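So the chains spell out like this:
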Amino acid sequence: MSKSDFNDGLRLRKKTIIQTGQKVNFVDIGSSFLPAFEKITSVLVVPFTKDGLIVCALLDRGIDLPGGHVEVGEFTCEETARREVMEEVGVTLGELKLVKVIQSDYYGSQPEQLTYIVVMTGFVEDIFTSERTHESMGRSIINIDKFISLYQAGDKNDMRQIVLDAKSLVFGI
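Residues numbered from 1 in each chain as written. Predicted model: local features only at pLDDT ≥ 70, side-chain atom pairs only at ≥ 80, totals over all residues. Heavy atoms only, no water.

**So, the pairing of strand S3 (residues 54-59)**
Side-chain direction in a regular strand flips from residue to residue, so the side chains alternate between the two faces of the sheet.
Alright, step 1. Among the six residues that make up S3, five are buried, leaving the element largely enclosed by the rest of the structure.
Alright, step 2. Both S3 and strand S8 (residues 139-142) contribute to a ladder of four bridges, which runs antiparallel. Paired with Ile54 across the bridge in S8 is Ile142.
Alright, step 3. Alignment of S3 against strand S4 (residues 62-64), held across three bridges, turns out to be antiparallel. Counterpart to Leu59 in the pairing with S4 is Gly62. (Buried < 20%, exposed > 50% of the residue type's maximum accessible area, 1.4 Å probe, protein only. Helix = DSSP H or I, 4+ residues; strand = E, 2+ residues; numbered from the N terminus. Pairing = 2+ DSSP bridges.)

**Observations regarding helix H1 (residues 77-89)**
Alright, step 1. The first and last C-alpha atoms of H1 sit 18 Å apart over 13 residues, in line with the 18 Å expected at 1.5 Å per residue.
Alright, step 2. For H1, the complete set of buried residues consists of Cys77, Thr80, Ala81, Arg83, Glu84, Val85, Glu87, Glu88 and Val89.
Alright, step 3. For H1, the secondary structure elements touched by its buried residues are strand S2 (40-48), S3, strand S5 (67-69), strand S6 (91-104), strand S7 (115-127) and S8.
Alright, step 4. Gly90 sits one or two residues past H1 and shows a positive phi near 65°. (Expected span 1.5 Å × (residues − 1). Contact = heavy atoms within 4.5 Å.)

**Considerations on the pattern of salt bridges**
Alright, step 1. Tallied over the entire structure, the rule returns nine salt bridges.
Alright, step 2. As a salt-bridge pair, Glu87 and Arg83 come within 3.0 Å of each other at their nearest N and O atoms. With Glu87 and Arg83 both in helix H1 and four residues apart, the pair spans about one turn of that helix. Take Glu87 and Arg83: they sit in the same class, and that class is buried.
Alright, step 3. Note that Asp165 is salt-bridged to Lys100, the shortest N-O span being 2.7 Å. Of this pair, Asp165 sits in helix H3 (residues 156-171) while Lys100 sits in strand S6, and the two are 65 residues apart along the sequence.
Alright, step 4. Assessed through its relative accessible area of 26%, Asp165 is described here as partly exposed.
Alright, step 5. For Lys100, a relative accessible area of 3% puts it in the buried group. (Salt bridge = Lys/Arg side-chain N within 4 Å of Asp/Glu carboxyl O.)

Now the structure itself:
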């Protein structure tokens, strides 16, 4: 990994902020292939309560799932996932499961340029009392339909599929 991959000394390993009008293709490649950790830029988490509600982050862009870029010093998707849910929604999680891997051509379409977003899920163990965190304006604990109706950060159909796949995995449906 080159020095430029470290985002000019910031905590991120690779900066992947999509600019207005920039075309990036995302391809759901399922869960049978987990790329080398160095190729993973972000981890998205679908945290469920035992009664099937989702713990969502309240961000500037609206309601979203917790998740974000892998930081320098992290060595596993699980490590990134646990940090992100604590920072964005103030919860801890039990066992984490891989939902899917999403391939991105943000850096180019050649095999060596492809990067990946990993989607994980698990049950919430502890919910900390303070809703406001340094990464979000708080959290909301809501059902899937309510989350999808409020979601504005990306494609609602893609997000619905991510959430339903996660629910199926954790609840064995």
